[in-house]
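Close look at the chain arrangement
Letter by letter, the chains look like this.
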Amino acid sequence: MATEEVKFQPKDYKSDQYVRWCPGCGDHAVLNCLHKAMAEVGVAPHNMAVISGIGCSSRLPYYMNTYGFHTIHGRGAAIATGVKTARPDLSVWLITGDGDCLAIGGNHFIHAVRRNVDLNIVLFNNKIYGLTKGQYSPTSDRGFVSKSSPYGTVEDPFIPAELALGARGNFFARVIDVDLKNTTEVLAASARHKGASVTEVLVNCVIFNDGIHKKIVDKEFRADRTIFLRHGEKMLFGKDNEKGIVLEGLKLKAVTIGQDGYTLDDVLVHDAHEKDNTLHMMLAMMSGDMPVALGVIRDVDAPTYDEAVHQQIEEVQAKNPIRNLQDYLMSGEIWKVNYGGKPICDKKS
């Protein structure tokens, strides 16, 4: 007799813990979207593990009715890799921030991506250390004034997309905290992707870096300064989709359709599944006069680390005659111990 499929609701993923983020923090929205995305994908809460490091965003496991582990600074990726390798049947999420992930945790991050461990990495980027009260982070812009850089930073920031794709990542997406519908859609896509998926969420810190993403997220000009990419669709943006992205020579260019001879046919179609990441990198790095790319920028299938490890173990075990402890004790070279001409031990080493 067939059993009825269980349908989960967002509330099934919510814990009974009080959410200890500042009122107005963008993390609240991402948590809400994650609950909705999990219900959409249908992963049972007991088949999900949420791992985090240290930072404001890393409190998220407390607010999930799933397995969780609040670990140590920057080491979330290493521990999540262990969880997924030991239990490949679990949906494993790594919740991290720009400081936790890209400073002390940078090495673990790039190698988790390079290995293509089947992790869903959600990188909260507010360009500040919030939990430790307002120091500049690895993604803070050059010249940024903070408590630890009172005269402005004198270094260039990491760009998460550049790191993820440079580490041969096969899934990269970017969303903004105020766009709940599309954030839910992207997190669901991340959950369905097999392999390391990195979703950068541009979030606002109302206390230490309020308005850091305002130039692109404000409703007044969001349509003209961002473009939401969907696989198989034209790269259009603007309030009336009157603008598009074209390739001119070796560079991308934003144009207005119907002006300067540009037509809809000139506008590029987004192919998130293209194995060559050249165009994906160009899209992810757009800035200045170009719109900031949102949505799933890259989504390519590739062998995963956790599956490869278990396949290797099975292949080695199949060739090994040892099946139990007794087989092991009786394997190897035989050795004997005699006393007074009588054997007192007859074993294999």
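Refer to the structure printed above.
Residues numbered from 1 in each chain as written. Predicted model: local features only at pLDDT ≥ 70, side-chain atom pairs only at ≥ 80, totals over all residues. Heavy atoms only, no water.

1. Digging into the overall build of the chain
Of the regular secondary structure elements, the chain holds 11 helices and 13 strands. With the principal axes as the frame, the chain shows a C-alpha extent of 100 × 55 × 45 Å. In the chain, which comprises 349 residues, the share counted as buried stands at 46%. Within the chain, counting contacts between residues at least 6 apart in sequence, those at least 24 apart form 63% of the total. Carbon together with sulfur atoms contributes 53% to the accessible area of the chain, which is approximately 18,700 Å² in total. Here the chain contributes 39 positive and 42 negative side-chain charges, whose respective centroids are spaced 6 Å apart. (Helix = DSSP H or I, 4+ residues; strand = E, 2+ residues; numbered from the N terminus. Buried < 20%, exposed > 50% of the residue type's maximum accessible area, 1.4 Å probe, protein only. Contact = heavy atoms within 4.5 Å. Areas by Shrake-Rupley, 256 points an atom, 1.4 Å probe, with all protein chains shown as cover. Lys, Arg positive; Asp, Glu negative; His and termini not counted. Charge placed at Lys NZ, Arg CZ, Asp CG, Glu CD.)

2. Some remarks on the sheet that holds strand S9 (residues 243–248)
The strand order across the open sheet formed by 3 strands is S8-S9-S10, and the pairing between neighbours is antiparallel. At either margin of the open sheet sits one strand with a lone partner, and together these are strand S8 (236–237) and strand S10 (251–256). Where S8 meets S9, 2 bridges bridge the pair, whose relative direction is antiparallel. Bridging from a neighbouring strand, Leu236 pairs with Gly244 of S9. (Pairing = 2+ DSSP bridges.)

3. Brief notes about the sheet that holds strand S5 (residues 171–176)
The mixed open sheet is built from 8 strands, whose spatial order is S2-S1-S3-S4-S6-S5-S11-S7. Both outer strands of the open sheet, strand S2 (67–70) and strand S7 (226–229), are each paired with one neighbouring strand and no more. Here the strands of the sheet are splayed against their neighbours by 20 degrees on average, with no regard to which way each runs. Of the pairings in the sheet, the one linking strand S4 (residues 119–125) to strand S6 (residues 197–202) comprises 6 bridges and is parallel in character. The residue bridging Asn120 from the neighbouring strand is Ser197, located in S6. Contacts from helix H2 (residues 76–86) reach strand S1 (48–52), S2, strand S3 (91–97) and S4, with the element oriented near 160 degrees to S1. (Axes fitted to C-alpha atoms, helices over the stretch in contact; angles between N-to-C directions.)

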